[in-house]
Amino acid sequence: MNSPFVIVIFGATGDLSQHKLLPALYSLYKNKLLGEKFYIVGFARRGFSDDDYREMLSEELGVQNEPEWVEFTQNVYYQQGLFDEEAGYNALIKKLNGFDEEIGACITRVFYLATPPDNYEMILRHLERTKLSEGCGQGSEQWTRLAIEKPFGKDLDTARSLDMLLSKTFEERQIYRVDHYLGKETMQNMIAFRFANSIFEPVWNKEHIDHVQITWAEKEGVRTRGKFFDGVGILRDVGQNHLLQMLATVAMEQPNGFFKEGVREARVNAIKALRCPTPSDVRELVVRGQYAGYRNEPNVDLQSQTETFFAAKLFVDTPRFAGVPFYLRAGKKMEQEVMEMKIVFKQTCHILFKEYGCPEVGNVLTIRIQPNEGITMRVIAKKPGNSLSLDTVDMRFSYHQTFGGHGADAYEKILLDIIHGDQMLFNRSDELESSWHLISNILQGWEKEKGEIATYAEGTWGPASANQLLEQDGRKWLS
Ligand code: BG6
C-alpha cells in the first residue's frame, strides 16, 4: 500500500494533464492503486477555484455522472499561479504544508512538469528559490521527486544545460525523465520476451539478422498542437525518444539483473553504441518530408520547413549487431496507424528450395507496440498439395486475445512508478546525452541542406526518398 503523497502538476490545464495524466490517475484510483490518502494539485495560470478545476476536468473527461469520479475529485485541488512569479509558489507551500499537517508527517511530494518546455527553467528556478524542492522545510530532499516531460532540450547543448540546472536542484535519484513509451506494455515485455525465452538469444545477432525496421506511423496530423510541433519537428518529438527507445529494446545486451541500474545500464549502452552520422553523412542516411497540408494547420508558419516525417539508416556498433542496418521511420498523416519493430532474418530458403520458388522475404519477427499489441512470427511453410510450393504464414500472439484488454495505459505505469520511487523506466542523464548527440548531428546536417523540404501526400508512407533508402540496399519496408 502506498504512503500518502501529493502530486503537483504544473501545466494543469494543458493537453497532457487533461488527456493523459488525470485520466491515468483516475484509473489508478478506480483500481485502488493510489492508497488511502493522496492529494493532486493542479498548478496553472487560470483563476480557478478547486471546484472550477474539478468541473473542467469532469467535462473534459466526460465522467460527470460517475460516483467514483466525485469521490476521486475530493483529492483534487487547484493552485493558481504564474510560472515566473513567486506568489503562486508561496501559496503552494502553504497548501502543501496543510496536507502534511493533516497527515501529521512530511509526505512525499512529486512535482510534475507538464508544461511546454520553455517554462521548465523558470519553474525549476522557483522550486529552488522557494525551497519547495527540499520538501517540507527540513532540507531533506528525500521527500520530493521531480518528473519532467520530453522534449528534454532542443539539441545537445540545451539538453546539457537543462540537465545542469536539474542537477543543481535535485539529485539524480529524485529525477524522473519521462518517455511514456517505456511504460507501454509491449516495450516492457521486450526484456521478458528476449531474455526469458531461450530460443531467441542464439539467433539475435548479425549472423542471423539481416536488418531491423522500426516504424512509428500516425494517421493523425498535428491537430491542435501546431504551435508546439512547428518549433520541434518529428525527429525531436518522437525520434530522439520513442524511436531510439524502441531501437534500444532490440539492440540491448542482457541486463546484469532485473533491477533499476541493470536495466538502465543495458539501455544506455545500446544508445551509446549507435554510430553517429557526421553532418555530411546525413544526406545519404537520413531523409525527411512534410505532409502536403501541414502549412495550413492552425498556428503553423506558412513558410514552415519543419519535418513531419523522417527516415534514417543507423548502425549499432556492438559485436552483436556490427554491420546490421536499423531502418527507422516516423511520420504524421501516414497511410496506417502502426508502431512496431520488425526483425528481418536472413533468408536461407534458397539453399534447398531455390528451384521451387522461395518467398522474397523469409522469417520476420514483428513486435507490435500498438494498435493490436502483440508479436507475430512469420515462417515459411509448404502449401498443402501434391507438388512442393512454399509460402509464408504468420504465427500470432495477441495481448488482447490472450490476456484480455490491452494492459495498463503507459501513463498509469509511469505515474505509479514515480509514486513508488522506481526509476527503471525513466531516462538517465547519460542516455539523453547520447541520444541528443546523434539527433544534433542529424539536425546540423539538415541545416546545411539547401532548398525546400520535400512534401508527401497525406495518407501515404511519406516521400519516395524513404523507399529509396532501403531500395538502394536491395530491401523494402514491410509494414
Ligand atoms: C508524444 C508525441 O510523445 O507521443 C506526439 O509528442 C504523439 O506527437 C504521441 O502523438 C503518441 O503517443 P501514443 O501514446 O498515443 O502513441
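These figures come from a predicted structure and were not determined experimentally.

S.K.: Would you take a moment to explain the domain arrangement of the protein for this structure?
M.R.: Accessible area lost on assembly of the parts is the figure often given for the size of an interface. On domain assignment, one finds that the protein holds domain 1 (5-149) and domain 2 (182-471). In this complex, domain 1 contributes 18 residues to the contact, which on the side of domain 2 involves 12 residues. For the pair domain 1 and domain 2, the summed buried area comes to about 1200 Å², and 74% of that belongs to carbon and sulfur atoms. Looking at the side of domain 1 facing domain 2, the largest losses of area belong to Ala-24, Leu-28 and Arg-145, adding up to 33% of the total buried there. Counting the contacts that link domain 1 with domain 2 gives 0 salt bridges. If you look at where domain 1 meets domain 2, you find 4 residue pairs in polar contact (both at pLDDT 80 or more). Every element with two or more residues in the side of domain 1 that touches domain 2 is listed here: strand E1 (5-10), helix H1 (15-30), strand E4 (108-113) and strand E5 (144-149). Top contributing element to the side of domain 1 that touches domain 2 by residue count: H1, with 8 residues. Split into classes, the residues belonging to the side of domain 1 that touches domain 2 amount to 13 nonpolar, 1 polar and 4 charged.

S.K.: Looking at this structure, I do not really get the pattern of salt bridges. What am I missing?
M.R.: Think of it this way: side chains of opposite charge can pair up when their charged atoms draw near. One pass over the full model with this rule turns up 32 salt bridges. Across the pair Glu-449 and Arg-288 runs a salt bridge, and its minimum N-O distance is 3.3 Å. With Glu-449 in the loop between helix H15 (429-448) and strand E15 (455-456) and Arg-288 in strand E8 (residues 286-291), the pair connects residues that are 161 residues apart, well separated along the chain. As a salt-bridge pair, Glu-340 and Arg-368 come within 2.8 Å of each other at their nearest N and O atoms. Of the two residues, Glu-340 sits in strand E11 (residues 338-345) while Arg-368 sits in strand E12 (residues 364-370), which places them 28 residues apart along the sequence. Each of the salt bridges in this network shares a partner with another, and the network as a whole consists of Lys-260, Glu-261, Arg-264, Glu-265, Lys-272, Arg-428 and Asp-430.

S.K.: Would you take a moment to explain the sheet that holds E4 for this structure?
M.R.: Pairing between the strands of a sheet is mediated by backbone hydrogen bonds and can be parallel or antiparallel. As summarised here, the arrangement of the 6 strands in space is E3-E2-E1-E4-E5-E6, forming an open sheet in which the pairing is parallel. Edge strands, defined here as strands with exactly one partner in the open sheet, are strand E3 (76-80) and strand E6 (175-178). This sheet shows a mean twist of 20° between the axes of neighbouring strands, independent of strand direction.

S.K.: How do you make sense of the packing of aromatic side chains when you look at a structure like this?
M.R.: The geometry of an aromatic ring pair comes down to the distance between the two centres and the angle between the two planes. Taken as a whole, this structure holds 30 aromatic pairs when the rule is applied. Site record: aromatic cluster; members linked through ring pairs are Phe-5, Tyr-26, Tyr-29, Phe-38, Trp-69 and Phe-72. Positioned over the ring face of Tyr-181 is Lys-184, at 4.6 Å from the centre of the ring. The aromatic ring of Tyr-291 is capped on one face by Lys-333, whose charged end is 5.8 Å from the ring centroid.

S.K.: Would you explain empty space enclosed by the protein in this entry?
M.R.: The rolling of a water-molecule-sized probe over the atoms marks out the regions of remaining empty space. Applying the stated rule across the entire model yields 3 cavities of 30 Å³ or more. In terms of lining, the largest cavity is formed by Ile-148, Glu-149, Lys-150, Phe-152, Arg-177, Val-178, Gln-240, Asn-241, Asn-427 and Leu-432. Breaking the lining of the largest cavity down by element, the ones donating at least two residues are E5, E6 and helix H9 (234-251). The class makeup of the residues in the lining of the largest cavity is 4 nonpolar, 3 polar and 3 charged. Of the voids in this model, the second largest cavity is the one considered here, and its volume is about 50 Å³. In terms of lining, the second largest cavity is formed by Asp-179, Gln-240, Asn-241, Leu-244, Gln-245, Ile-271, Asn-427, Glu-431, Leu-432 and Ser-435. For the lining of the second largest cavity, the secondary-structure elements that each account for two or more residues are H9 and H15. Ranked by residue count, the leading element in the lining of the second largest cavity is H9, at 4 residues. Grouping the amino acids of the lining of the second largest cavity by side-chain chemistry returns 3 nonpolar, 5 polar and 2 charged.

S.K.: Explain the sheet that holds strand E14 (residues 390-398) to me, please; I cannot follow it from the model alone.
M.R.: The sheet built from 9 strands is open, its strands ordered E14-E13-E12-E11-E7-E10-E9-E8-E15 with mixed pairing. Of all strands in the sheet, those with a lone pairing partner are E14 and E15, marking the two edges. Relative to E14, strand E13 (residues 374-382) runs antiparallel, the two being bridged by 9 bridges. When the bridges of E14 are listed, Arg-378 appears paired with Asp-394.

How each quantity is defined
Within any chain, residue numbers begin from 1 and follow the written order of that chain's sequence. With pLDDT at 70 or above as the cut-off, local features in this predicted model cover only qualifying residues; side-chain atom pairs require 80 or more to be listed or tallied, and sums for whole chains, interfaces and linings still use all residues. Only hydrogens and water are removed before side-chain values are computed, so all heavy atoms of the structure are retained for them. Throughout the structure description, domain borders are defined by an automatic or database domain assignment. In what follows, residue pairs with any heavy atoms lying within 4.5 Å of each other are defined as contacts. Summed over both partners, the accessible area (1.4 Å probe) lost when two parts come together is defined as the buried area. The rule for a salt bridge is simple: a side-chain nitrogen of Lys or Arg has to be within 4 Å of a carboxyl oxygen of Asp or Glu. We define a polar contact as two N or O atoms separated by no more than 3.5 Å, with the added condition that, inside protein, one atom must be a possible hydrogen donor and the other a possible acceptor, whereas residues neighbouring each other in sequence contribute only through side-chain atom pairs. Where helices and strands are cited, they refer to DSSP runs of H or I of at least four residues and of E of at least two residues respectively, numbered from the N terminus. Residue type decides the class: Asp, Glu, Lys and Arg count as charged, Ala, Val, Leu, Ile, Met, Phe, Trp, Tyr, Cys and Pro as nonpolar, and the leftover types, Gly among them, as polar. Should DSSP find at least two bridges between two strands, the strands are taken to pair. Here an angle of 0 to 180 degrees is reported between the N-to-C directions of two axes, which are lines fitted to C-alpha atoms, with helices fitted over the stretch in contact. To pair, rings of Phe, Tyr and Trp, with the six-membered ring standing in for Trp, must have centres within 6.5 Å; the planes then decide the type, stacked if under 30 degrees apart, edge-to-face if over 60, and tilted in the middle. In this analysis the charged atom, NZ for Lys or CZ for Arg, is taken to sit over a ring once it is within 6 Å of the ring centre and within 35 degrees of the ring normal. Note on definitions: the grid is 1 Å and covers protein atoms alone; a cavity is a set of points where a 1.4 Å probe fits but cannot get out; a pocket is an open set with protein on both sides within 12 Å along at least five of seven lines; lining residues have an atom within 4 Å of a point. Grid points are joined across faces, edges and corners, and a volume is the space filled by probe spheres set on the points.

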